[in-house]
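Residue strings, one per chain:
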Amino acid sequence: MPRDSTIDALDDGALARRIAGAGATPDSAAEAELYRRLAPRVRLYGLRHLRERAAAADLVQQVLLMTIERLRAGEVREPERIASFVLGASRMTVLEMRRGSRRRDELLDAWGGGEEAFEAPEPLALDPDRLAGCLERLSERERSVVVMSFFAEKPADEVGGELGITGGNVRVIRHRALGRLRECMGETP
Amino acid sequence: MSCADPIGFEALVAYWLDELQSADAQTLEQHLFGCRQCAGRLEWIAALADGVRAVVRAGALGMVVSAPFVEAMKRAGLRLREYQLEPGASVNCTIRSDEDAVVSRVRATLSGVERVDVLHRVTIGGVEQPEVRVEDVPFDPATGEILLIPPAAALKAMPAHIVRTRLVAVREAGEAPIGDYTFMHSAQ
């Protein structure tokens, strides 16, 4: 579907109002744009709380299809606060998903199995060769702290406990190492 | 898309690694859902975590790690070969093409030691390569071991060779060896 250039200028709330006010004929362009914008945020929330890519992808689909349905039906009281609505829906859905796979399957059937398909941007991926080179340039202690922190997403106190140093010390090493990594990877601070 | 009050990078890292109090995490999430710029910076952190996992899986990195990290590698489905050596010991070792990493647990008396450097001397085809010193490796003195993981991808590409590894305790007064270990690596 060609993109509606006027849509780029709208904020999230204005997009939500357009969807809610579309009447019988859905505003496909506004729906696709809202999905495209919010999908990365819901995905990050899912990854942070579920720590699993497939579950995060399910969450995106369930939350955003439900949101669009509710907007179309006029069931979102304050469309201009759509980000808060989506955050609340994400929280509720994660709780439901944690209750068990059966409930998760039910949610997927209800909100994830429809005919409609919206495109979400591909998640950012770092160049693995460049990242390996940048990690190699860190000191041994910095490299260990970064790898141990991010491989299984562990907080500083836990990493410190494994290395016989304090969590505060891990945070200092991690801060310095991430600064060097970001510079090496060309990431703007 | 610019944010008037961007979340600091350290706060985003702390959020991602579950270090924030629940109320602080919820406040931060409220901001993230309404802010493309800050969500984009969090995406870089998520991509870093994915990238670190990919680099470790590919065996592209030499590392010094903890025993719980090795368990996390196993839980993630990586296939590991492990060796444990006491000071003065030698071992015949290898890595198969279907293995993801070799973990060498070199044991030593580490109580009272604040800094350890690791010296490696590699001999290939009878020719000794220049010594490599890895400074200030991380370790927990209470465990009495240091866990070394060489880069598996490079190791798989190497011919048979011998690695002589020495742990050195570094103090202000000087340094002293605390363990020598020999790895006789055969290629697969």
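Residues numbered from 1 in each chain as written. Chains lettered and ligands numbered in written order. Predicted model: local features only at pLDDT ≥ 70, side-chain atom pairs only at ≥ 80, totals over all residues. Heavy atoms only, no water.

Participant: Which residues make up the nonpolar core, and what values do they have?
Facilitator: Among the nonpolar cores identified, the biggest contains 93 residues, and Leu64, Phe150 and Leu181 of chain A together with Trp16, Ile45, Leu48 and Met73 of chain B are the most heavily contacted of them. No other element matches helix α3 (residues 36–57) of chain B, which puts 11 residues into this core. Here this core gathers at least three residues from each of two domains, domain 1 (9–52) and domain 2 (65–185) of chain B. The residues touching Leu181 of chain A, leaving out its near neighbours within four places in the chain, are Leu131, Cys134, Leu135, Leu138 and Val146 of chain A together with Leu48 of chain B. (Core = buried A, V, L, I, M, F, W, Y, C linked by side-chain atoms within 4.5 Å. Buried < 20%, exposed > 50% of the residue type's maximum accessible area, 1.4 Å probe, protein only. Helix = DSSP H or I, 4+ residues; strand = E, 2+ residues; numbered from the N terminus. Domains from an automatic or database assignment. Contact = heavy atoms within 4.5 Å.)

Participant: Break down the environment of Arg137 of chain A for me, with residues and values.
Facilitator: Mapped onto the secondary structure, Arg137 of chain A falls in helix α6 (residues 128–137). Once residues within four sequence positions are removed from consideration, Arg137 of chain A is found in contact with Arg180 and Cys184 of chain A.

Participant: Outline the side chain of Glu145 of chain B, listing residues and values.
Facilitator: Residues and elements named next belong to chain B. In this fold, Glu145 is placed in strand β8 (residues 145–149). Taking the relative accessible area as the measure of exposure, Glu145 reaches 10% and is therefore buried. One polar contact links Glu145 to Arg105, side chain to side chain, over a distance of 3.0 Å. A polar side-chain atom of Glu145 sits 3.4 Å from a polar atom in the side chain of Arg107. Those residues within four positions of Glu145 in sequence are excluded, and the remaining contacts are Ala67, Gln84, Arg105, Val106, Arg107, Leu110 and Phe139. (Polar contact = N/O pair within 3.5 Å; in protein donor to acceptor, adjacent residues only side chain to side chain.)

Treat this as a map of the structure, not an account of what it does.
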